[in-house]
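# Structural description and commentary
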Amino acid sequence: MKALTPYLQKPLVLIGGFLAFGWLLVAILAPVLAPYNPLQTLQPLVKPLTTGSNGEYFLLGTDMLGRDILSRLIWGAQTVVIYATLATLTAYILGLSFGLIAGYAGGRTDAVLCFLANVILSFPVLVLYIVIIVVIGASPVNIVIAVTFSSAPAIFRIVRAITIDVASRDFVKAAITQGESTWRILFIDILPNTTGPLAVDFCLRLGYTAITIGTLGFLGLGLPPPTPDWGGMVNEGRAMAIAFPHLVVFPCIAISTLTLGLSLLADGLREVNDAKERQA
Amino acid sequence: MSDALLDIRNLSVALPKGADRPFAVQGVTLDVKPREILCIVGESGSGKSVLTATLMGAAPKGLSVAGGEALMAGQDLLTLSERQWQKIRGKEIGMIFQEPMASLNPALTVASQIEEVFILHSDMSKADRAREARRLVEAMHLPEPDRILKSYPHQLSGGQCQRVVIAMALAMSPKLLIADEPTTALDVTTQAQVLKLIRELRDVHGHGIIFITHDLGVVADIADRIAVMRRGEVVELGTAEQVLKDPQHDYTKTLIAAVPSLVPHDRPAPEAAKPALEVTQLNHAYGAKQVLHDISIAVAPGRVLSIVGESGSGKSTIAKNLIRLIDPTSGRIVVAGEDILGAGGEGLRGMRKRIQMIFQDPFGSLNPRRRVGPMIARAAVLSGASRAEAVTRAKELLELVGLERSAYTRRPAAFSGGQRQRIGIARALAMQPDVLIADESVSALDVSVQAQVLDLLADLQKRLQLAVVFITHDLRVAAQISDEIVVLSQGHVVERGPASEVLTRPQHPYTRELIAAAPGRDAF
């Protein structure tokens, strides 16, 4: 608890944490919070704050298929939280492992891994997503694969740079001269010393991934309908956005509050980490 | 006093809330006269750097002047705005910092950096500026002034860079110079030259100089008056003679007593024991550059061999070869009868525990994320102990190196530099090695802590009959701990022998030069 105190004193962390963890809570409590089944057709195109013909109250209105937007947003939070987290985690496992290996081994191993990472990084991200999804098809698993493939190289580069720095310190030399095994040096000595900057990057990347999933949904490459998906909701409402702005506005607010929360959280973490480093 | 260049009265600088004490500098009253070198001496955390930074108008962030004044020609420096400071710095007060390389701009030539000072503070013509810059470089006794002026900082040695920095500080002939540890980053022979230059500034040019240092040897060589600082306060102030010969305050006495003597202890003659470590004809090259030439040394159990040399002598390369972080180009390293260069894979892993190292930097050599006890126990496990044995051994070792039992569960951040070095020693000993390498292991420590760690090392080495290779740039430290001394210069062993022989009857000119350059040779 004491370790958390400097974080909790930062307004950035508090606001960011409120937004991000708020959405996490919404995702977890979706079955309790959602007033209606997100897939059920009730009454099409009801405006927000209106009572429907059967006495239902639609806080955020309904879409053209008559589904309650509030319920779809709440269940959509679950979709985003699950897949964004999963995709970011898998990207991290890949990027972290290869980054540690490249940074520590150096030489030819490093050169080959860097080259591969650069090849992937040289494609525009959006094009990469589209190519991958078009080739392997749109499904939850494939979205995770696409995001992993395209963001792992960036994580790789960060981890590699930190590893090169940490590996040059004397405690790593001490471990080598004790005959410590390489994998223990990587995961026990080096990895825990990389976590500060990585926690910041993780938050930011989680936000980017949420946007990516939204973007894919908007392009029709996301989760297949009728799964509640924020990006997909924007796409479906696009045609009627002038007459019924609530179709688009609310999912957009959802996406931006989540990513804003994660960005603020990342900024706050970075400020606290920097302060810690200055003290040391 | 009216004739003082700078008159500091009751100066206090407050630390931010939550620090270990309320003031970084507390109630300091000092003055500096022309033609005088005032040395401010103190260990880390004494507030000496905060004091000088404040006098330069650059107090570190978070610190604020809490009271007092610093009068220079009737003007209180502490009340100046940043704009007024820019007129004072360089023109009225010259400043010299510890890291000469870091105080110079790597992208500009020496000439343009010196001339920059004239551009800022005068309206001299281009030709005048060039002439003045050359005059300054000559006054600093830099060799080949024309080449130096056209050079970039990376083309110069550390000592040359520091002289360029001094030239820049002197460009507008300020009356007062503030030098913060100006020779700490330099080799001992270079340091001797820079100190000579600084004395000349006082004697010939009449500068008043505030000289901050942690090194009492340097103080003895250079000071007219000495102020001893401890925990933000000046505990003793007097002439060099008074303070060094007849210290009044207990802290000053401790400091002076802790300065290692250049006179070696009498050591018993070696028994004819088989060497624990034998290095034969070791050569090492980085690419085409040969850095070690046919190094041969041998250390018997229970003996200490010091390798003494300046930066670039190759002494750290020897250490890296011994612990097999790098492999030599040729040669043999035999530990307890076994050739460790032949080993690879599992064999090498078994070999490593025989020869362990204590590193220089107490802050970099311990993993900040790991608890101290398990860190030491892990070393024991790697040397073949069972888990239970390892934990017991770690606890015993913590006690042996003079740390509390509660240290076991704490992380390195909870310890001071000296305590961390003790932890490093415990970690090395946990593997029960035959040979211990100490690479500048006490160089980063304050002098009083240094003495304690040296005592601990000497005690352990005798009790455990360890063969120790002690690598250092500091002749005083070598004199205290060694049975034998090897003097290394540019990768060659230029002199070797029993410590008393080498220090009292040096044969090689380089050894003589080293001993002559040792600061404070006449005082301690």
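Look above for the structure.
All of the points below concern the structure found in this document. (Residues numbered from 1 in each chain as written. Chains lettered and ligands numbered in written order. Predicted model: local features only at pLDDT ≥ 70, side-chain atom pairs only at ≥ 80, totals over all residues. Heavy atoms only, no water.)

Here we take up the overall build of chain B. The helix and strand tally for chain B stands at 20 helices and 20 strands. Summarising its shape, the C-alpha atoms of chain B cover approximately 70 × 50 × 40 Å along the three principal directions. Considering chain B as a whole, with its 524 residues, one finds that 54% of them fall into the buried category. The contacts in chain B between residues at least 6 apart in sequence include a share of 69% that link residues at least 24 apart. (Helix = DSSP H or I, 4+ residues; strand = E, 2+ residues; numbered from the N terminus. Buried < 20%, exposed > 50% of the residue type's maximum accessible area, 1.4 Å probe, protein only. Contact = heavy atoms within 4.5 Å.)

A few words now on the sheet that holds strand β2 (residues 23-32) of chain B. Residues and elements named next belong to chain B. A sheet is described by the order of its strands in space; here 4 strands give the open sequence β2-β1-β4-β5, paired in antiparallel fashion. Two strands lie at the open edges of the sheet, namely β2 and β5 (75-76), each paired on one side alone. One ladder, built from 2 bridges, connects strand β4 (residues 64-72) with β5; its direction is antiparallel. Among the inter-strand pairings, leucine 71 is bridged to a residue of β5, identified as aspartate 76. On top of the sheet, helix α1 (residues 48-55) reaches β1 (6-14), β2 and β4; it is set at about 115° to β1, its chief contact. (Pairing = 2+ DSSP bridges. Axes fitted to C-alpha atoms, helices over the stretch in contact; angles between N-to-C directions.)

Here we take up the pairing of strand β12 (residues 289-299) of chain B. All names here are of chain B. Pairing analysis gives 7 bridges linking strand β11 (residues 277-286) to β12, with the strands arranged antiparallel. Directly across from alanine 285, in β12, lies its bridge partner glutamine 290. With antiparallel pairing between neighbouring strands as the criterion, β11 and β12 make up a hairpin whose turn holds 2 residues, including glycine 287 at a positive phi of roughly 60°.

Here the focus is the interface of chain B and chain A. How big an interface is tends to be expressed through the accessible area that disappears when the partners come together. Between chain B and chain A, the residue contacts involve 20 residues of the former and 17 residues of the latter. Interface of chain B and chain A: buried area, both sides summed, is about 1700 Å²; carbon and sulfur atoms make up 53% of it. On the surface where chain B and chain A come into contact, there are 2 salt bridges. In this structure, A:Glu180 and B:Arg378 form a salt bridge, with 2.6 Å as the shortest nitrogen-oxygen distance. (Buried area = accessible area lost by both parts, 1.4 Å probe. Salt bridge = Lys/Arg side-chain N within 4 Å of Asp/Glu carboxyl O.)

Within a regular strand, the side chains alternate between the two sheet faces. Residues and elements named next belong to chain B. Most of β1 is tucked away, with 7 of its 9 residues classed as buried. Bridge count between β1 and β4: 7 bridges; the pairing is antiparallel. What sits directly across from aspartate 7, in β4, is leucine 71. Bridging between β1 and β2 involves 6 bridges; their strand directions are antiparallel. Bridge pairing in β2 places isoleucine 8 opposite leucine 30.

So, about the packing of helix α4 (residues 69-105) of chain A against helix α10 (residues 195-218) of chain A. To characterise two packed helices, one gives the angle between the axes of the helices and the distance between these axes. All names here are of chain A. One way to put it is that α4 packs onto α10 with a least axis distance of 9 Å and a crossing angle of 130°. It follows that α4 is oblique to α10 by the angle criterion. In terms of crossing hand, the pair formed by α4 and α10 is right-handed. Judged by residue contacts, Val80, Tyr83, Ala84, Thr85, Ala87, Thr88, Leu89, Tyr92 and Leu96 of α4 engage Leu198, Asp201, Phe202, Arg205, Leu206, Thr209, Ala210 and Ile213 from α10. Grouping the constituent residues of the contact of α4 with α10 by class yields 12 nonpolar, 3 polar and 2 charged. (Parallel < 35°, antiparallel > 145°, perpendicular 65-115°, else oblique. Left-handed = near helix turned anticlockwise from the far one by under 90°. Nonpolar A, V, L, I, M, F, W, Y, C, P; charged D, E, K, R; others polar.)

Glancing now at the packing of aromatic side chains. According to the stated counting rule, one finds 3 aromatic pairs over all chains in the structure shown. Between A:Tyr36 and A:Phe58, the aromatic rings sit 5.8 Å apart at their centres with planes inclined by 50°, giving tilted as the arrangement. Taken together, the residues span a long stretch of sequence, with A:Tyr36 in the loop between α3 (30-33) and β1 (50-51) and A:Phe58 in strand β2 (residues 57-58) at a distance of 22 residues. A cation over a ring is seen here: B:Arg410 above B:Phe415, with NZ or CZ 5.3 Å from the ring centre. (Phe/Tyr/Trp six-rings, centres within 6.5 Å; stacked < 30°, edge-to-face > 60°. Lys NZ or Arg CZ within 6 Å of the ring centre and 35° of its normal.)

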